[in-house]
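# Notes for the structure review
For reference, the chains in residue letters:
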Amino acid sequence: MKQFFIFLFTGFSISVLDLIDTAFGNQISLDSICVMSVMSILYWCIDCICRIGEYAYTIKMKYEIESFVLEIIATIICSILVIIFRNPISHIYNLTDRQYELLNLCLLWKGLLLVFAKIESFLYTYIELNCMNKQILISNIIFYSTMIGLDVIVILLHGECYHLIITTGMADIITGIYLIVSSKFIKKIYRPKLHIIMELINCSKNILINNALGRGATIIFNVSASFLGTKYYALHSVGYSIATSMESITDRCCTYQLIKLKTTKSIQTKYKTYKDTFKKTFIPTMIVCYLTAIMMIFPMKGVIDFKEALIVTLMYNSQSIFIQPYENIRGFLISCEDTKSLRFGGLVGILVRGPISIISIFTPIGIYGFAFGVSIDFIVRYIYLKYKAVNIVN
């Protein structure tokens, strides 16, 4: 459990520091709150495609150079597409003219800096899966101290929200340089083999499909919430931002399962270990998620009333309870290299969140439907994956 608590602390730190970064945007204006919320969702969607190399390395736990090359190729393609189509992408949301202008600039800078973010992201996944705890700690300190320090300068100079995208990119560059050197990744470089890259694409495609569909569900959810009006969309943005940031903590449940199960060959033994691990990690993870969420209301609420922000945050954060069973069973299935079962998880998200969004917009349910919709989504996903896991074991 020592390694899990290290992961838990890391996830907690990332959640808090990511929300502090988001809070800077919330202090600029109400327009900035809405734009940065949209930007977060769009980036998650772009990110899920770029991270195909990380998915491959997570499954195989080898071929790090081919996985890295695969990630960079996907990232360059996404960067070009984001820069070219940033204006049409902006207009899938129901925003004001000023918000469209700001979002367009955010997408431009994100596209230009995306490759540096993915170099840093891949290397971080590499050191995490290899339990390089010292490098994990130092890289987080470097990244967040750089980013938050630059964010403070942006706020003091009365900058705009797209300037925060630039500061994040600068932090990615500095942290990436540290990770390349400290992980000795550069010494592992060799000429990548095309047939291995093709093998990695084949083994990671199901996770990519799942995550892409999942992000599609998130976009439907967030676009629909923008029709609640500026006040309730701002409340949704705060509650949803805090809740989704807790995924930096709950994601560690999947990572820990992978590390615990990677040396086990028997499916039955893997399943028993998965269940024991889940029981041990559930309560600590839930407690850390709720305490972190409550703590982050003050810096996140911006110009929003504290009482309203508190109620919304507590409702939205119910997902940190129901996402845990999903993350743990996902770790088990990835460890078994049965990624086909994961392919339809994102589709389930669309089928669940879509109707909930429509009902919430056109009935008095309103923001309450959005608050509990994600929890319902992950309950259904868990039931589906649990069924698949039991079939594998039996």
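Throughout what follows, the structure given in this document is the object of discussion.

## Quick look at the overall build of the protein chain
- Helix and strand content of the protein chain: 17 helices and zero strands.
- For 394 residues, the compact-globule estimate of 2.2 N^0.38 gives 21 Å, and the protein chain sits close to it at 20 Å.
- Here the C-alpha coordinates of the protein chain stretch approximately 55 × 45 × 35 Å along the principal axes.
- Out of the 394 residues belonging to the protein chain, those deemed buried represent 57%.
- Intrachain contacts of the protein chain at a sequence separation of at least 6 include 85% that bridge at least 24 residues.
- When the accessible area of the protein chain is evaluated, it comes to approximately 16400 Å², of which 69% is carbon and sulfur surface.
- Computing the positive centroid from 35 side-chain charges and the negative centroid from 25, the protein chain places the two 11 Å apart.

## Quick notes on the packing of helix 2 (residues 30-50) against helix 6 (residues 97-129)
- Helix 6 packs onto helix 2 with a crossing angle of 35 degrees between their chain directions and a minimal axis gap of 10 Å. The element helix 2 and its partner helix 6 pack so that their crossing is right-handed. Two secondary-structure elements touch here, helix 2 through Asp31, Cys34, Val35, Met36, Val38, Met39, Leu42, Tyr43, Ile46, Asp47 and Cys50 and helix 6 through Arg98, Gln99, Leu102, Leu103, Cys106, Leu107, Lys110, Leu114, Ala117 and Lys118.
- Partitioned by chemical class, the residues of the contact of helix 2 with helix 6 number 15 nonpolar, one polar and five charged.

## Focus: the packing of aromatic side chains
- Evaluation of the coordinates by the stated rule reveals 15 aromatic pairs.
- Seen from their ring centres, phenylalanine 221 and phenylalanine 370 are 5.1 Å apart, and the 55 degrees between their planes marks the pair as tilted. Here the residue phenylalanine 221 occupies a position in helix 9 (residues 194-225), and phenylalanine 370 occupies one in helix 17 (residues 367-393), the gap between them amounting to 149 residues.
- Residue classification places phenylalanine 221 among the buried residues on the basis of a relative accessible area of 0%.
- Taking relative accessible area as the criterion, phenylalanine 370 reaches 0% and is therefore assigned buried.
- Linked through ring pairs, Tyr57, Phe68, Phe122, Tyr126 and Phe185 together constitute an aromatic cluster.
- The ring of tyrosine 326 is capped by arginine 381, whose NZ or CZ atom sits 5.7 Å from the centre of that ring.

## A look at helix 8 (residues 161-182)
- Taking 1.5 Å as the rise per residue, helix 8 with 22 residues should run 32 Å; its terminal C-alpha atoms sit 32 Å apart, in good agreement.
- Directly after helix 8, the chain includes lysine 184, whose backbone phi takes a positive value near 60 degrees.

## Topic: the nonpolar core
- Among the nonpolar cores identified, the biggest contains 106 residues, and Tyr93, Leu103, Cys106, Tyr316 and Phe332 are the most heavily contacted of them.
- Discounting residues that sit within four places of it in the chain, phenylalanine 332 has contacts with Leu261, Ile267, Lys270, Tyr271, Tyr274, Ala389 and Val393.

## Looking at the layout of surface pockets
- In this structure, the largest pocket occupies an estimated 220 Å³ of space.
- Every residue lining the largest pocket is counted, 13 residues in all, and those nearest its centre are Ile59, Met61, Lys262, Ser335 and Glu337.
- Among the elements of the structure, helix 3 (52-60) and helix 15 (319-335) are those that each provide at least two residues to the lining of the largest pocket.
- Ranked by residues supplied to the lining of the largest pocket, first place goes to helix 3 with three residues.
- Classifying every residue of the lining of the largest pocket gives four nonpolar, four polar and five charged.
- Roughly 190 Å³ of volume is contained in the second largest pocket.
- Surrounding the second largest pocket, Leu42, Cys45, Ile46, Ile49, Cys78, Leu81, Val82, Ile89 and Ile219 form its lining.

## Some details on the packing of helix 7 (residues 133-156) against helix 8
- The N-to-C vectors of helix 7 and helix 8 enclose an angle of 155 degrees; their axes lie 9 Å apart at closest approach. What the angle tells us is that helix 7 and helix 8 run roughly antiparallel. The two elements helix 7 and helix 8 cross, and the hand of that crossing is right-handed. Contacts between helix 7 and helix 8 pair Lys134, Gln135, Ile138, Ser139, Ile142, Phe143, Thr146, Met147, Leu150, Asp151 and Val154 from the former with His163, Leu164, Thr167, Thr168, Met170, Ala171, Asp172, Ile174, Thr175, Tyr178, Leu179 and Ser182 from the latter.

## So, the state of the cysteines
- Following the criterion strictly, the structure yields zero disulfides and no others.
- No disulfide involves cysteine 131; its sulfur sits 14 Å from that of cysteine 254, the nearest cysteine.
- Looking at the unpaired cysteine 203, the closest cysteine sulfur is the one in cysteine 254, lying at 15 Å.

## Details of helix 15
- The end-to-end C-alpha separation of helix 15 is 24 Å, in line with the 24 Å expected for 17 residues at 1.5 Å each.
- Among the 17 residues that make up helix 15, 15 are buried, leaving the element largely enclosed by the rest of the structure.
- In the stretch just after helix 15, glutamate 337 is the one whose phi turns positive, near 60 degrees.

Conventions we followed
- Every chain begins its residue count from 1, and numbering advances along the sequence as written.
- Per-residue local features are limited, in this predicted model, to residues with pLDDT of at least 70; the limit for side-chain atom pairs, both in listing and counting, is 80 or more; totals at the level of whole chains, interfaces and linings are taken over all residues.
- Side-chain descriptors were evaluated using all non-hydrogen atoms of the structure, hydrogens and water having been removed beforehand.
- Segments assigned H or I by DSSP are reported as helices when at least four residues long, segments assigned E as strands when at least two residues long, and all are numbered from the N terminus.
- The quantity called the radius of gyration is restricted to C-alpha atoms. Its globule counterpart is 2.2 Å times the number of residues to the power 0.38.
- Three labels apply to residues, based on accessible area from a 1.4 Å probe with only protein chains included: buried if under 20% of the type maximum, exposed if over 50%, partly exposed otherwise in between.
- By definition, residues are in contact when any of their heavy atoms lie within 4.5 Å.
- Using a 1.4 Å probe, the Shrake-Rupley method yields the accessible areas, and only the shown protein chains count as cover for residues.
- The charged-residue count follows a simple rule in which Lys and Arg add positive charge and Asp and Glu add negative charge, with His and chain termini not counted at all.
- To locate a charge, take NZ of a lysine, CZ of an arginine, CG of an aspartate or CD of a glutamate.
- Note on method: axes are straight lines fitted to C-alpha atoms, helices fitted across the in-contact stretch only, with angles between N-to-C directions ranging 0 to 180 degrees.
- Crossings are sorted by hand: turned counterclockwise from the far helix by less than a right angle, the near helix makes the crossing left-handed, and turned clockwise it makes it right-handed.
- Gly falls in the polar group here, along with every residue not listed as nonpolar (Ala, Val, Leu, Ile, Met, Phe, Trp, Tyr, Cys, Pro) or charged (Asp, Glu, Lys, Arg).
- Only Phe, Tyr and Trp rings take part, Trp by its six-membered ring, and two of them pair if their centres are within 6.5 Å. Stacked means planes under 30 degrees apart, edge-to-face means over 60, and tilted covers everything else.
- Whether a charge sits over a ring depends on NZ of Lys or CZ of Arg being within 6 Å of the ring centre and within 35 degrees of the ring normal.
- By this rule, a helix spans an expected 1.5 Å times one less than how many residues it contains.
- Nonpolar core, defined: a set of buried Ala, Val, Leu, Ile, Met, Phe, Trp, Tyr and Cys residues in which side-chain atoms within 4.5 Å join the residues together.
- A pocket here means an open set of points on a 1 Å grid, computed over the protein atoms alone, that has protein on both sides within 12 Å along at least five of seven lines. A cavity is instead a set of points where a 1.4 Å probe fits but cannot get out; residues with an atom within 4 Å of a point line either one.
- Grid points are joined across faces, edges and corners, and a volume is the space filled by probe spheres set on the points.
- By definition in this entry, angles of less than 35 degrees are roughly parallel, angles greater than 145 are roughly antiparallel, angles of 65 to 115 are roughly perpendicular, and the rest are oblique.
- Here, two cysteine sulfur atoms that lie within 2.5 Å of each other are counted as a disulfide.

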